[in-house]
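Examination of the molecular architecture
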Amino acid sequence: MKAIPKGTFQMGDDHGNPEEKPVHEVTLDGFWMGTHEVTWDLFEPFLYKDYEVTQSVGGKVPPNVDAVTRPTKPYLDMTFGMGKEGHPAIAMTHYNAIQFCKWLYERTGEFYRLPTEAEWEYACRAGSTSKYAFGDDEHNLGDYAWFLANSEGVTHKVGEKKPNAWGLFDMHGNVSEWTYDQYDEKFYSSSPQKNPINKPTKLYPHSV
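Since the model is a prediction, treat every value here as computed from it, not as a measurement.

Points about the overall build of the protein chain
A count of helical and extended segments in the protein chain gives six helices and four strands. The order of helices and strands in the protein chain, counted from the N terminus, is β-β-β-β-α-α-α-α-α-α. At 18 Å, the protein chain has a C-alpha radius of gyration in line with the 17 Å of a compact globule built from 208 residues. Looking at the 208 residues of the protein chain, the share that counts as buried comes to 43%. Counting contacts in the protein chain only where the partners sit at least 6 residues apart, residues at least 24 apart contribute 66% of the total. Surface summary for the protein chain: the accessible area is close to 12100 Å², and the carbon and sulfur share equals 54%. Side chains of the protein chain carry 20 positive and 30 negative charges; the gap between the two charge centres is 6 Å.

So, the packing of aromatic side chains
Taken as a whole and assessed by the stated rule, the structure comprises eleven aromatic pairs. Taking the centre distance of 5.8 Å and the plane angle of 50° together, the rings of Phe 46 and Trp 103 count as tilted. Of this pair, Phe 46 sits in helix H1 (residues 40–47) while Trp 103 sits in helix H4 (residues 94–108), and the two are 57 residues apart along the sequence. The same class applies to Phe 46 as to Trp 103, namely buried. With a centroid separation of 5.1 Å and 65° between ring planes, the pair formed by Tyr 122 and Trp 166 is classed as edge-to-face. With Tyr 122 in helix H5 (residues 117–125) and Trp 166 in the segment after helix H6 (141–144), the pair connects residues that are 44 residues apart, well separated along the chain. Under the relative-accessibility criterion, Tyr 122 is labelled buried at 6%. A connected cluster of aromatic rings, assembled from ring pairs, spans Trp 40, Phe 43, Phe 46, Phe 100 and Trp 103.

What about the pairing of strand E2 (residues 7–11)?
In E2, alternate side chains face the same way, and those of Gly 7, Phe 9 and Met 11 are buried while those of Thr 8 and Gln 10 on the opposite face are not. Where E2 and strand E3 (residues 24–28) come together, five bridges link them in antiparallel fashion. Looking across to E3, one finds that Gly 7 is bridged to Leu 28.

So, the pattern of salt bridges
Taken as a whole and judged by the stated rule, the model has nine salt bridges. Measuring nitrogen to oxygen at the nearest pair gives 3.0 Å for the salt bridge that ties Asp 29 to Lys 194. Within this pair, whereas Asp 29 is found in the loop between E3 and strand E4 (31–33), its partner Lys 194 is found in the segment after H6, the two being separated by 165 residues in sequence. Taking the relative accessible area as the measure of exposure, Asp 29 reaches 38% and is therefore partly exposed. Exposure remark for Lys 194: the relative accessible area of 47% places this residue in the partly exposed category. Between Lys 73 and Asp 50 there is a salt bridge, with its nearest N and O atoms 3.7 Å apart.

Structural notes on the nonpolar core
Counting 20 residues, the largest nonpolar core has Trp 40, Phe 43, Phe 46, Phe 100 and Trp 103 as its most contacted members. Among the secondary structure elements, those contributing two or more residues to this core are H1 and H4. Looking at this core, the element that brings in the most residues is H4, giving five residues. Residues Met 11, Val 26, Ala 118 and Tyr 122 belong to the second largest nonpolar core, which totals 15 residues.

Structural notes on the packing of H1 against H4
Two elements in contact, H1 and H4, have axes separated by 10 Å at closest approach and are oriented at 90°. It follows that H1 is roughly perpendicular to H4 by the angle criterion. Residues Leu 42, Phe 43, Pro 45 and Phe 46 of H1 pack against Asn 96, Gln 99, Phe 100, Trp 103 and Leu 104 of H4. Class assignment of the residues belonging to the contact of H1 with H4 gives a composition of seven nonpolar, two polar and no charged.

Criteria and thresholds
- Residues numbered from 1 in each chain as written.
- Predicted model: local features only at pLDDT ≥ 70, side-chain atom pairs only at ≥ 80, totals over all residues.
- Heavy atoms only, no water.
- Helix = DSSP H or I, 4+ residues; strand = E, 2+ residues; numbered from the N terminus.
- Rg over C-alpha atoms; globule rule 2.2 N^0.38 Å.
- Buried < 20%, exposed > 50% of the residue type's maximum accessible area, 1.4 Å probe, protein only.
- Contact = heavy atoms within 4.5 Å.
- Areas by Shrake-Rupley, 256 points an atom, 1.4 Å probe, with all protein chains shown as cover.
- Lys, Arg positive; Asp, Glu negative; His and termini not counted.
- Charge placed at Lys NZ, Arg CZ, Asp CG, Glu CD.
- Phe/Tyr/Trp six-rings, centres within 6.5 Å; stacked < 30°, edge-to-face > 60°.
- Pairing = 2+ DSSP bridges.
- Salt bridge = Lys/Arg side-chain N within 4 Å of Asp/Glu carboxyl O.
- Core = buried A, V, L, I, M, F, W, Y, C linked by side-chain atoms within 4.5 Å.
- Axes fitted to C-alpha atoms, helices over the stretch in contact; angles between N-to-C directions.
- Parallel < 35°, antiparallel > 145°, perpendicular 65-115°, else oblique.
- Nonpolar A, V, L, I, M, F, W, Y, C, P; charged D, E, K, R; others polar.

Here it is in structure tokens:
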């Protein structure tokens, strides 16, 4: 985890999609952010209880951990053949991502949650005001991200590209990340200025 400093930034993009408008000023308190996308190495013990048992001291899962609601055990290869060790976990629902955070809390005693949409964008920008976190020249994108032109249509191990200025990897490219927010294409027009959050009120959709 990295400590992200409090600050103010211009959220949105007047040259982007309609739901990215209008650009508006947002002020955030400091928070913590994972330096890498959550990998299968970390997600798999949550997904497969049997596997977690084999990796636990004495072959037992503490009752408080066992009480966390988990996804239904999948019967397909959820990596879809793209690789597991060191690769980002994929194909979980928004609810399962929230439950994973609860599982982490029960496992570690430290509170974890999904970032808000504003927190994610602020962390991705890392103090920049350019088109990308590293500047405006998209020819440099391959140094920082896996994307359509260089990924060969599969996920890649986290942290293989350069991080942004705040030490966060794969904020551009590789896989999308869930945020806590409900998706609303008109939310920016009425978004609060300080610590905005569009609290979920229904199952779908949510912002990535």
